[in-house]
Amino acid sequence: MTVDLLLGLQWGDEGKGKIVDVLTSNYDIIARFQGGPNAGHTLEFDGIKHVLRTIPSGIFHKNSINIIGNGVVIDPVVFQKEIEGLEKFNLDIKSKLIISRKAHLILPTHRLLDAASEASKGKAKIGSTLKGIGPTYMDKTGRNGLRVGDIELEDFKERYRALADKHEAMIAFYDVAIQYNLAELEKEFFEAIEELKKLDFIDSEEYMYQAQKAGKSILCEGAQGSLLDVDFGTYPFVTSSNTTAAGACTGLGIAPNKIKEVYGIFKAYVTRVGSGPFPTELFDEVGATMAKVGNEFGSVTGRQRRCGWLDLVALKYAVQVNGVTQLMMMKGDVLSGFETLKVCTEYNYKGQNISHFPYNIEPENVTPVYKEFKGWKADLTGLTTYEQLPIELKEYIEFIEAEVGVPIKIVSVGPDRKQTITK
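Labelled according to an unreviewed UniProt entry, the protein appears under the name Adenylosuccinate synthetase, originating from Flavobacterium bizetiae. Comment text from UniProt for the protein, heading Function (unreviewed entry), reads "Plays an important role in the de novo pathway of purine nucleotide biosynthesis. Catalyzes the first committed step in the biosynthesis of AMP from IMP." Database annotation for the protein, UniProt heading Sequence similarities (unreviewed entry): "Belongs to the adenylosuccinate synthetase family."

Below you can see the structure in the form of structure tokens.
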């Protein structure tokens, strides 16, 4: 029996989908434990790019069962479209995909509330993806939410109406101009609910317990990144769930002492989408080149990502909080061609150099302290072994390992599942 976790260690978009896809052939069960359809995982193989929003990344492996855990929030409309997009691949989704009854539902009015709330903030907006994620988690913690299991109840529509009416009153309170046709949105929602009913709903914590007893191997898949965790991220510019290792326990019902390996995924540089502090952000030609070469645009939202040098202060923090046992470095190929690379090793925090991640990393408090490395020119995308990597990249990798105290086991040199070097 094995329960391993796979997590992003930065502000999301680290390339988790690809690594889950690479690893899934080793596991019986792939389980998503938090987040919603704002978090896209991109997988690329056989010349085709796939973007998954809610469905775990093991769906393309014929022998794996995929579980959407109780910590996930599900938009039935988005979910239906995602399934329809997979139909052409002849996947046996009915037998491969199961959903926790305790997962919460995103209602059309949650999306409208999200838009109204963000519009009311003006320049202080947090950069919401407007998918209704935040309001859904607010209803969850406020004990108002609707869950997948409620779909099976006879009075589900009455429960829906009561909550939607409450949301409409809240939207009116914000007093902002948003245009919508709720009747049309609700028609689409209830049609998607009927499609959702065709899948199997489970008591996922019991299912996971029995799977562990039966000796099944389980990979728990996180969405977003550790620096977006609602408790440990750069609050308030965070998501609404626990993206760190603890989220796997609460989002699936797995006991902490059952977890073995914690795979931490990070980019060879750093990106961030939306608002919020970003100490190593680049505003020059170097940052623009990173964005262009790395194709740094959101897989779901299409939003351009802000780019910057690798931040080891933040990376060490994420490794500590998650108990990471193995690191996997993504997009090493994007750094090819730069004369000089920089790595942030400390922050100058209010006039003093520190190596820990402080409460506030706003630019008025924090200035990054850099160490420089010699760059490399080689095209890495066709390389297949660690020995083939340029000596400059090896020195870069070995420095990171020494600083964070955790080995880098995988180096990704391209988007395809085959462009993955195991160290």
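Anyway, onward from the coordinates.
Colleague: I keep staring at helix α6 (residues 156-174) and nothing clicks. Help me out?
Modeller: Every α-helix carries 3.6 residues per turn, so stepping three or four residues along brings you back to the same face. Between its terminal C-alpha atoms α6 stretches 27 Å, which fits the 27 Å expected from 19 residues at 1.5 Å a residue. Directly beyond the C-terminal end of α6, a positive phi value near 55° is found at D175.

Colleague: Sorry if this is basic, but what is going on with the pattern of salt bridges here?
Modeller: It is possible for side chains of opposite charge to pair when their charged atoms get near one another. Enumeration over the complete set of coordinates arrives at 21 salt bridges. Between D165 and R161 there is a salt bridge; the shortest N-O distance is 3.2 Å. One end of the pair, D165, and the other, R161, are both in helix α6, four residues apart, so they sit about a helical turn from each other. Its relative accessible area of 41% is what places D165 among the partly exposed residues. One network of salt bridges, with partners in common, ties together D13, K267, E296, R305 and K331.

Colleague: Would you mind going over the nonpolar core with me for this structure?
Modeller: The nonpolar side chains of a soluble globular protein tend to be buried with one another. Counting 72 residues, the largest nonpolar core has M329 and Y396 as the members making the most contacts within it. Broken down by element, this core gets its largest block of residues, seven residues, from helix α11 (residues 312-322). Each of domain 1 (2-101 + 201-262) and domain 3 (266-422) accounts for three or more of the residues forming this core. Excluding its chain neighbours within four sequence positions, the residues that come into contact with M329 are F266, K267, A268, L393, Y396, I397, I400, I408, I410, V411 and S412. Among the nonpolar cores identified, the runner-up in size contains 31 residues, and F60, I74, I83 and L86 belong to it.

Colleague: Sorry if this is basic, but what is going on with the pairing of strand β15 (residues 326-330) here?
Modeller: Along a regular strand, successive side chains alternate from one face of the sheet to the other. Extensive coverage of β15 is indicated by the burial of five of its five residues. The alternating pattern of β15 places Q326, M328 and M330 and L327 and M329 on opposite faces, both of which are buried. Two strands pair when backbone bridges link them, and strand β11 (residues 259-267) and β15 are joined in this way by five bridges, in the parallel orientation. Residue pairing across strands places G264 opposite L327, the latter belonging to β15.

Colleague: Explanation requested: the pairing of strand β5 (residues 65-68) in the structure shown.
Modeller: Bridge analysis of strand β2 (residues 29-32) against β5 gives four bridges, and the strand direction is parallel. Looking across to β5, one finds that I29 is bridged to I65. For β5 and strand β7 (residues 97-100), the ladder comprises three bridges, and the chain directions are parallel. Its bridge partner being in β7, N66 is matched across the sheet by L97.

Colleague: Honestly, the packing of aromatic side chains in this entry has me stumped. Any pointers?
Modeller: Describing an aromatic ring pair means giving the distance of the ring centres and the angle of the ring planes. Taken as a whole and judged by the stated rule, the model has 13 aromatic pairs. On the basis of an interplanar angle of 75° and a centroid distance of 6.3 Å, the ring pair of F156 and F190 is categorised as edge-to-face. Taken as a pair, F156 in helix α6 and F190 in helix α7 (residues 182-196) lie far apart in primary sequence, 34 residues in all. Each member of the pair, F156 as well as F190, is classed as buried.

Colleague: Looking at this structure, how should I read the state of the cysteines?
Modeller: Each disulfide consists of one covalent bond between the sulfur atoms belonging to two cysteines. This model, assessed by the stated rule, comprises zero disulfides. C249 takes part in no disulfide bond, and the closest cysteine sulfur, belonging to C220, lies 8.2 Å away. Here C249 falls in the buried class, since its relative accessible area comes to 17%. Just so you know, C307 is unpaired, no disulfide at all, and the nearest cysteine sulfur is the one on C344, 16 Å from it. The exposure class assigned to C307 is buried, which follows from its relative accessible area of 3%.

Colleague: Can you help me understand the layout of surface pockets in this one?
Modeller: Taking a probe equal in size to a water molecule and rolling it over the atoms shows the remaining empty space. Approximately 320 Å³ is the volume found for the second largest pocket. Residues belonging to the lining of the second largest pocket are distributed by class as follows: 11 nonpolar, three polar and two charged. Each of domain 1 (2-101 + 201-262) and domain 3 (266-422) accounts for three or more of the residues forming the lining of the second largest pocket.

Colleague: Got a minute to help me understand empty space enclosed by the protein in this structure?
Modeller: Summed over the entire model, instances satisfying the criterion amount to one cavity of 30 Å³ or more. Of the voids in this model, the largest cavity is the one considered here, and its volume is about 30 Å³. In terms of lining residues, the largest cavity is bounded by L9, Q10, W11, L227, V270, D311, A314 and L315. Grouping the amino acids of the lining of the largest cavity by side-chain chemistry returns six nonpolar, one polar and one charged. When residues of the lining of the largest cavity are sorted by domain, at least three fall in each of domain 1 (2-101 + 201-262) and domain 3 (266-422).

Colleague: Whenever I open this one, the UniProt feature "active site" (unreviewed entry) in the protein confuses me. Can you help?
Modeller: According to UniProt, the "active site" (unreviewed entry) feature falls on D13, H41 and K140. Among the structural elements, D13 can be located in the loop between β1 (2-8) and α1 (16-23). The class for D13 is partly exposed, based on a relative accessible area of 25%. Excluding anything up to four places from it in sequence, D13 contacts K267, T271, V273 and R305.

Reading the values: rules and limits
Residues numbered from 1 in each chain as written. Predicted model: local features only at pLDDT ≥ 70, side-chain atom pairs only at ≥ 80, totals over all residues. Heavy atoms only, no water. UniProt positions renumbered as here; feature names shortened; annotations may be inferred. Helix = DSSP H or I, 4+ residues; strand = E, 2+ residues; numbered from the N terminus. Expected span 1.5 Å × (residues − 1). Salt bridge = Lys/Arg side-chain N within 4 Å of Asp/Glu carboxyl O. Buried < 20%, exposed > 50% of the residue type's maximum accessible area, 1.4 Å probe, protein only. Core = buried A, V, L, I, M, F, W, Y, C linked by side-chain atoms within 4.5 Å. Domains from an automatic or database assignment. Contact = heavy atoms within 4.5 Å. Pairing = 2+ DSSP bridges. Phe/Tyr/Trp six-rings, centres within 6.5 Å; stacked < 30°, edge-to-face > 60°. Disulfide = S-S within 2.5 Å. 1 Å grid on protein atoms, 1.4 Å probe; cavity = no way out; pocket = protein on both sides within 12 Å on 5 of 7 lines; lining within 4 Å. Points joined across faces, edges and corners; volume = space filled by probe spheres on them. Nonpolar A, V, L, I, M, F, W, Y, C, P; charged D, E, K, R; others polar.

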